Amino acid sequence: MRINLKKRIDYARFIQLSFVFSVGLAMYLFTTIPHNLWIFIAVLLMMSMIEPGLIIRQSINNGKGTIVGIVLFMPIIYFLQLNYRLIPIAFIIFGIATMIPTMKRYDLRVVFTTMMIFTSNAYNYTIPGAEGPIEIAINRLVCTMIGIIICVCGDYFLFRKFDYSRKVYAFLQYDLCNVLTQKVKMINEPDDIRLNHFLLIENIRDSFNSIYASINNSEDSLLQNFTTSREIKEKVREFHLKSWQLRKVVLAIYYARCHLKDDEAVTMHLNRFQNLMKEAKKNYVPWQ
């Protein structure tokens, strides 16, 4: 039942994203806005984050990075005219700089990408253009803002009641607690049935890395979502704390059971695991 419901939520989100993509594509194909391809590119980059809260963060970073990139581009483009030998050096610096920032500092990547694109357009002698640097900068900024408006309106006006982030996070909370419980059962299996120490810890780590990466991504989205209430945000923060404490306790149970062979320590950690699990379940986010 839960699996079918999760699939239906994913299908509904796919339809929502497809609609927003279609609007961005229509703005490129059927409008005469200068450089309207940038509208579709902006929508494509921001909606690729899938989660509404992450889309908002991506939109803010995209807008901020574009503005800063344009401001820095203006003096640089005129400075490079002093000596054209500086142009390839500038391209190399911008190209390297776009690869340095991580996805959490996507705004820095946008800054250097904007500067590299604008510099390339300014010194492109194969396709002459009638636009100067200022006109190109204004058009790029306008197109980026239109793309951001399309994404924000799609998520926070048309599909606000759907509340995708909260529903996905609620499912992931349930899945995380199930995974933790299953791993404790695996650790406490009899020696003749249980996996050897190396395979067991590898199984635990692979499962934890997968489920914790998913729930942390969903958690970031829910905390940055404009529609998330303060009560739900408190539940998310509290569950985050308990979930990482539970992870440590599971590894402690593994070490006490498989390496120390200390039944007293195992019992102590099991009691702590059960208490933490009860506290974590109290912070389940309602999915309806």
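Scoring rules and cut-offs
Numbering of residues starts from 1 in each chain and follows the order in which that chain's sequence is written. Local features in this predicted model are restricted to residues of pLDDT 70 or higher, and side-chain atom pairs are both shown and tallied only at a pLDDT of 80 or more, whereas totals for entire chains, interfaces and linings draw on every residue. Side-chain numbers here rest on the full set of heavy atoms in the structure, without hydrogens or water. Note on conventions: DSSP H or I runs of at least 4 residues are helices, E runs of at least 2 residues are strands, and numbering of each starts at the N terminus. Residue contacts follow a heavy-atom distance rule, with two residues in contact if any of their heavy atoms lie within 4.5 Å. Here, nonpolar core refers to any group of buried Ala, Val, Leu, Ile, Met, Phe, Trp, Tyr and Cys residues whose side-chain atoms link them within 4.5 Å. The classification of residues rests on relative accessible area computed with a 1.4 Å probe and restricted to protein chains. Under 20% of the type maximum is buried, over 50% is exposed, and intermediate values are partly exposed. Ring pairs are drawn from Phe, Tyr and Trp, using the six-membered ring of Trp, whenever the two centres fall within 6.5 Å, and their geometry is named by plane angle: stacked under 30 degrees, edge-to-face over 60, tilted for the rest. Placement of a positive charge over a ring is assigned whenever Lys NZ or Arg CZ falls within 6 Å of the ring centre and within 35 degrees of the normal to the ring plane. Helix span, expected: 1.5 Å multiplied by one less than the number of residues in the helix. Our arc is simply the arc of the directions from the helix axis toward the C-beta atoms. One side-chain nitrogen of Lys or Arg within 4 Å of one carboxyl oxygen of Asp or Glu is enough to make a salt bridge. pLDDT is a per-residue confidence score from the predictor, ranging from 0 to 100. Fitting a line to C-alpha atoms yields each axis, with helices limited to the stretch in contact; the angle taken between N-to-C directions then spans 0 to 180 degrees. Here the word oblique covers every angle except those under 35 degrees (roughly parallel), over 145 (roughly antiparallel) and from 65 to 115 (roughly perpendicular). Three categories are distinguished: nonpolar for Ala, Val, Leu, Ile, Met, Phe, Trp, Tyr, Cys and Pro, charged for Asp, Glu, Lys and Arg, and polar for the others, with Gly belonging to the last.

K.L.:
Just to check I follow, could you spell out the environment of methionine 49 for this structure?
P.N.:
Considering the arrangement of structural elements, one finds methionine 49 in the loop between α2 (37-47) and α3 (52-79). Along the backbone, methionine 49 and glutamine 81 are 32 residues apart, and their C-alpha atoms lie at a distance of 39 Å. Leave out the neighbours within four places in its chain, and methionine 49 touches Leu54, Ile55, Arg57 and Gln58.

K.L.:
Sorry, what's going on with the nonpolar core here?
P.N.:
Proteins that are soluble and globular tend to have nonpolar side chains buried together. Leu180 and Phe273 are the most contacted members of the largest nonpolar core, which has 37 residues in total. Listing elements by their share of this core, those giving two or more residues are α1 (2-29), α7 (164-187), α8 (197-224), α9 (230-260) and α10 (263-281). The residues contacting leucine 180, other than those within four sequence positions of it, are Phe208, Tyr212, Leu246, Arg247, Val250, Phe273 and Met277.

K.L.:
Explain unusual backbone geometry here, please?
P.N.:
Its identity as a non-glycine residue notwithstanding, histidine 35 has a phi of 55°, on the positive side. Looking at where histidine 35 falls in the secondary structure, it is placed in the loop between α1 and α2. Residue classification places histidine 35 among the partly exposed residues on the basis of a relative accessible area of 34%. Residue lysine 261 is not a glycine yet carries a positive backbone phi of 55°. Note that lysine 261 resides in the loop between α9 and α10.

K.L.:
Sorry if this is basic, but what is going on with the packing of aromatic side chains here?
P.N.:
Here a ring pair, both rings aromatic, is described through the centre-centre distance and the interplanar angle of the planes. Overall, the coordinates contain 6 aromatic pairs when judged by the stated rule. On the basis of an interplanar angle of 45° and a centroid distance of 6.2 Å, the ring pair of tryptophan 38 and phenylalanine 118 is categorised as tilted. Residue tryptophan 38 is located in helix α2, and its partner phenylalanine 118 is located in helix α5 (residues 106-122); the two are separated by 80 residues in the primary sequence. Both residues of the pair, tryptophan 38 and phenylalanine 118, belong to the buried class. Aromatic pair phenylalanine 239 and tyrosine 284: ring centres 6.3 Å apart, planes at 45°, arrangement tilted. Here tyrosine 284 lies in the segment after α10 and phenylalanine 239 lies in helix α9, a separation of 45 residues in the sequence. Grouped by ring-pair contacts, the aromatic residues Trp38, Phe73 and Phe118 constitute a single cluster. Over the ring of tyrosine 164 we find arginine 13, and its NZ or CZ is 5.1 Å from the ring centre. If you follow arginine 247 out to its NZ or CZ, it ends over the ring of tyrosine 212, 4.9 Å from the centre.

K.L.:
Teacher, can you tell me more about the side chain of lysine 242 here?
P.N.:
Within the secondary structure, lysine 242 is located in helix α9. Those residues in contact with lysine 242, other than ones at most four positions away along the chain, are Leu276, Glu279 and Ala280.

K.L.:
So what exactly am I meant to see when it comes to the environment of serine 229 here?
P.N.:
On the secondary structure map, serine 229 appears in the loop between α8 and α9. Taking C-alpha positions, serine 229 is 26 Å from tyrosine 106, a pair spaced 123 residues apart along the chain.

K.L.:
Just checking my understanding: could you explain helix α4 (residues 86-99) for this structure?
P.N.:
Note that an α-helix has 3.6 residues per turn; residues three or four places apart therefore point the same way. In a regular helix each residue adds 1.5 Å, so 14 residues correspond to 20 Å; α4 covers 21 Å between its end C-alpha atoms and thus fits that length. For α4, the set of buried residues is Ile87, Ala90, Phe94, Ala97 and Thr98. Projected down its long axis, α4 carries its buried residues within an arc of 100°, all on one side. Of the exposed residues in α4, the ones pointing more than 90 degrees away from its buried face are Ile92, Ile96 and Met99. In the core, the buried residues of α4 are packed alongside α3 and α5.

K.L.:
What is the right way to look at the pattern of salt bridges in this model?
P.N.:
A side chain with one charge can pair with a side chain of the opposite charge if their charged atoms come near. The final tally for this structure, using the stated rule, is 4 salt bridges. Linking lysine 64 and aspartate 107 is a salt bridge whose minimum nitrogen-to-oxygen distance equals 3.4 Å. With a gap of 43 residues between them, lysine 64 in helix α3 and aspartate 107 in helix α5 connect regions that are remote in the sequence. Owing to a relative accessible area of 41%, lysine 64 belongs among the partly exposed residues under this scheme.

K.L.:
What exactly am I supposed to notice about the confidence of the model for the protein chain here?
P.N.:
Per-residue pLDDT for the protein chain averages 86, and the proportion of residues at 70 or more is 93%. The spread of mean pLDDT over the elements of the protein chain runs between α5, the lowest at 82, and α10, the highest at 94.

K.L.:
Just to check I follow, could you spell out the packing of α8 against α9 for this structure?
P.N.:
Between two packed helices, the angle of one axis relative to the other and the distance separating the axes together describe the packing. The N-to-C vectors of α8 and α9 enclose an angle of 175°; their axes lie 11 Å apart at closest approach. The angle between α8 and α9 places the two elements in the roughly antiparallel class. Taken together, the residues of the contact of α8 with α9 break down into 16 nonpolar, 6 polar and 4 charged.

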